[in-house]
Amino acid sequence: MIVDTHTHFYDPTRPQGVPWPTMDDEFLYRRTLPADYREEAEPEGVTGTIVVEASAWVEDNQWLLDLAAHDNFILGLVGNLRPASEDFERNLKRFAGNPMFLGVRLGVGARDDAVYAAALEQLVAHDLELDLGAYPASMGDVAFWAGCFPKLRIVLNHLVHVAVTGGMPDPVWIEGLRPLQQHANVFCKVSALVELAEARPAPVDLAYYTPTLDALAANGVRLARFYNCAQCCPTRAAFMTGLYPHQAGVGDMNEEGANNELWKRVGSPAYLGLKSR
């Protein structure tokens, strides 16, 4: 399984058009829908994608969820909702009811931003994740919010926008990664790797990118006490929650869902067949 974790779908030919990309963007201003992407991705072995909504229009979240309902290549949506909007809470609750809606993408809020903090609390309440468009200078603030909300899954986009040079990455970026080691709820998405390359055209030799990826690995979280649970579903539940699989409600394989006879006999919260925390 190969999942592309960051794609954008949009259609400028819709009657209402699109707010992004703009018409003056000669490269991006074109129809980009799942069928268009699959033509490029499937020959490379990609089996699915997570879509990140780039449109600021609230109803475009629903537009993408409607696309996902008819195309199993789309595995989930990271939405676009603004915490400062008076409708944020209502819209978040509305979209959170759709299992394809995984979370929202935001920038990094200031540490004293009460509205931002309230939005993160609501993400936790709905068991949604936070995609962050962070930069090296804001990584200290990322660590702050990760500490304030340890149950919030935070996914840093685009390698935190470090320049990929073919050599060792920016020391400021490396130093910024180190405080994040203390937070197991922070993840880094290896996206826009080619876009971040300083060389043009972007090199096709993977050796150009490995110094950046090696630095990311060297300064990431070390799972020094992580135990494999021998089965994929319980192991994944333990990894996602930091709990033993029985504590997370996935004490056994969940391939049979609610019909699992073992769960019926045991009647325990340890065998709910879904991640309960």
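Up top is the structure.
Computed from a predicted structure; not experimentally measured. (Residues numbered from 1 in each chain as written. Predicted model: local features only at pLDDT ≥ 70, side-chain atom pairs only at ≥ 80, totals over all residues. Heavy atoms only, no water.)

Points about the sheet that holds strand E2 (residues 48-52)
Strands belonging to one sheet form pairs held by backbone hydrogen bonds; the direction of such a pair is parallel or antiparallel.
In step 1: Taken in spatial order, the seven strands line up as E1-E2-E3-E4-E5-E6-E7 in an open sheet, and their pairing is parallel. A single partner strand is all that each edge strand has here, and the edge strands are strand E1 (3-7) and strand E7 (186-188). With strand direction ignored, the average angle separating the axes of adjacent strands in the sheet is 25 degrees.
In step 2: As paired elements, strand E4 (residues 101-106) and strand E5 (residues 129-132) share four bridges and run parallel to each other. Bridging from a neighbouring strand, arginine 105 pairs with aspartate 131 of E5.
In step 3: Together, E2, strand E3 (74-79) and E4 form the strand contacts of helix H2 (residues 59-69), whose direction differs from that of E3 by roughly 175 degrees.
In step 4: Across the face of the sheet, helix H5 (residues 139-148) comes into contact with E5, strand E6 (154-156) and E7 while running at roughly 165 degrees to E6. (Pairing = 2+ DSSP bridges. Helix = DSSP H or I, 4+ residues; strand = E, 2+ residues; numbered from the N terminus. Axes fitted to C-alpha atoms, helices over the stretch in contact; angles between N-to-C directions. Contact = heavy atoms within 4.5 Å.)

Describing empty space enclosed by the protein
In step 1: Per the stated rule, a full pass over the model turns up one cavity of 30 Å³ or more.
In step 2: The computed volume of the largest cavity comes to approximately 80 Å³.
In step 3: Around the largest cavity, the lining comprises 14 residues; the ones closest to its centre are Phe9, Tyr10, Glu53, Ser55 and Asp60. (1 Å grid on protein atoms, 1.4 Å probe; cavity = no way out; pocket = protein on both sides within 12 Å on 5 of 7 lines; lining within 4 Å. Points joined across faces, edges and corners; volume = space filled by probe spheres on them.)

Quick word on the pattern of salt bridges
In step 1: Going through the model one piece at a time under the given rule, you end up with ten salt bridges.
In step 2: Here arginine 31 makes a salt bridge to aspartate 36, at a shortest N to O gap of 2.5 Å.
In step 3: Between arginine 38 and glutamate 42 there is a salt bridge, with the nearest N and O atoms lying 3.1 Å from each other.
In step 4: Taken together, the shared-partner salt bridges connect Arg38, Glu42 and Asp71 into one network. (Salt bridge = Lys/Arg side-chain N within 4 Å of Asp/Glu carboxyl O.)

A closer look at helix H1 (residues 34-41)
In step 1: Taken together, the buried positions of H1 are occupied by Pro34, Tyr37 and Ala41. Around the axis of H1, the buried residues are gathered within 65 degrees of arc, so they sit on the same side. Those residues of H1 that are exposed and angled more than 90 degrees off the buried face are Glu39 and Glu40.
In step 2: Looking at the packing, one finds that the buried side of H1 touches E1, E2, H2 and E3. (Buried < 20%, exposed > 50% of the residue type's maximum accessible area, 1.4 Å probe, protein only. Arc of directions from axis to C-beta.)

Brief notes about the nonpolar core
In step 1: Phe101, Leu130, Ile154, Leu156 and Trp173 are the most contacted members of the largest nonpolar core, which has 53 residues in total.
In step 2: Ignoring anything within four residues of it in the chain, the contact list for tryptophan 173 reads Pro136, Met139, Leu159, Val160, Val162, Thr212, Ala215 and Leu216.
In step 3: Of all hydrophobic cores here, the second largest spans five residues; its members include Cys233, Ala237, Ala248 and Met253. (Core = buried A, V, L, I, M, F, W, Y, C linked by side-chain atoms within 4.5 Å.)

Don't take any of this as a statement about function, it's just geometry.
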